Amino acid sequence: MTPNIRALLVHLFTATGAVFAMLAMLAAAQTEWSLMFLWLVVAFVVDGIDGPLARRYQVKHYAPEFDGVLLDLIIDYLTYVFIPAFALFQSGLMDGWTGWFAIIVITFTSALYFADTRMKTKDNSFSGFPGCWNMVVLVIFALHPNFWVILAIVTALAITMFTPLKFVHPVRTERWRPVTLPMALAWTFFAGWAAWVDFHPQSWAHWGLVVTSLYLLFAGIAQQIIPPKSDQNTNP
């Protein structure tokens, strides 16, 4: 197999995320929330794998006719933002005007964030909350907090999208990656488990989601507070 074909296959693999997005949307239209989230988890797995494959097989060099970054962003907006926002609104978890407020804030701020050329930091983390609403909404479905709590979470995360707070990329952020990557894999496992059991309130998957979500949410901020060991060693 030539390098050009391998690179093209990576693009085709990335594009399957659009198919999973459509399957998730069809499930959401029928209020089959567990099935919707299962498809979104599959799309999340694809998104986690295609980046390393793209770098390994040098898609920019061997298949430059397709813009992998643009393709990834289009699919990410569907699976990370649009479909989860629709589910949050349509599920009835947010009452009255709060539901309208949430979907407007989520879709509007995320569109701006995805187009922001400053979203990545020098260490390949994200500057501001990276619009991972699929993860947030899945945890909300699992825990069923009060709609005022949901509103506070949505508002706070939307604001942090445009702050210098750092959020780790599970694969590309090198610092703490031996912990971060297993945490991301564990989150994916617990998310699939929670959706598979239809978000049963007694499922242990919910505890796993809480622990892994808290780590992924605050690890980058902790890195900003705690200097790297190399910096500590150079201090007098």
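Definitions and cut-offs
- Residues numbered from 1 in each chain as written.
- Predicted model: local features only at pLDDT ≥ 70, side-chain atom pairs only at ≥ 80, totals over all residues.
- Heavy atoms only, no water.
- Helix = DSSP H or I, 4+ residues; strand = E, 2+ residues; numbered from the N terminus.
- Expected span 1.5 Å × (residues − 1).
- Buried < 20%, exposed > 50% of the residue type's maximum accessible area, 1.4 Å probe, protein only.
- Contact = heavy atoms within 4.5 Å.
- Axes fitted to C-alpha atoms, helices over the stretch in contact; angles between N-to-C directions.
- Parallel < 35°, antiparallel > 145°, perpendicular 65-115°, else oblique.
- Left-handed = near helix turned anticlockwise from the far one by under 90°.
- Nonpolar A, V, L, I, M, F, W, Y, C, P; charged D, E, K, R; others polar.
- Patch = residues over 30% accessible without salt bridge, like charges linked within 9 Å, V, L, I, M, F, W, Y side chains within 5 Å.
- Areas by Shrake-Rupley, 256 points an atom, 1.4 Å probe, with all protein chains shown as cover.
- Salt bridge = Lys/Arg side-chain N within 4 Å of Asp/Glu carboxyl O.

## Quick word on helix α8 (residues 177-196)
Phase 1 of the analysis: Taking 1.5 Å per residue, 20 residues should reach 28 Å; α8 reaches 28 Å between its end C-alpha atoms and fits that length.
Phase 2 of the analysis: Residues of α8 that are buried: Thr180, Ala184, Trp187, Thr188, Phe190, Ala191, Gly192, Ala194 and Ala195.
Phase 3 of the analysis: Here the buried face of α8 lies against α2 (33-56), α6 (133-143) and α9 (205-225).
Phase 4 of the analysis: Phi turns positive, to about 60 degrees, at Asp198, one or two residues after α8.

## Some words on the packing of α6 against helix α7 (residues 147-160)
Phase 1 of the analysis: As a packed pair, α6 and α7 sit with axes 12 Å apart at the nearest point and diverge in direction by 165 degrees. Here α6 lies roughly antiparallel to α7, going by the angle between them. In the packing of α6 onto α7, the handedness of the crossing is right-handed. Of the residues in α7, those in contact with Trp133, Val136 and Ile140 of α6 are Ile150, Ile153, Val154, Leu157 and Ala158.
Phase 2 of the analysis: Residue composition of the contact of α6 with α7, grouped by class: 8 nonpolar, no polar and no charged.

## As for a nonpolar patch on the surface
Phase 1 of the analysis: Where nonpolar side chains cluster on the molecular surface, the patch consists of Met1, Ile5, Leu8, Leu9, Leu12 and Phe66 and spans about 580 Å² of accessible area.
Phase 2 of the analysis: Examined against the element boundaries, Phe66 turns out to sit in the loop between α3 (59-62) and α4 (68-90).

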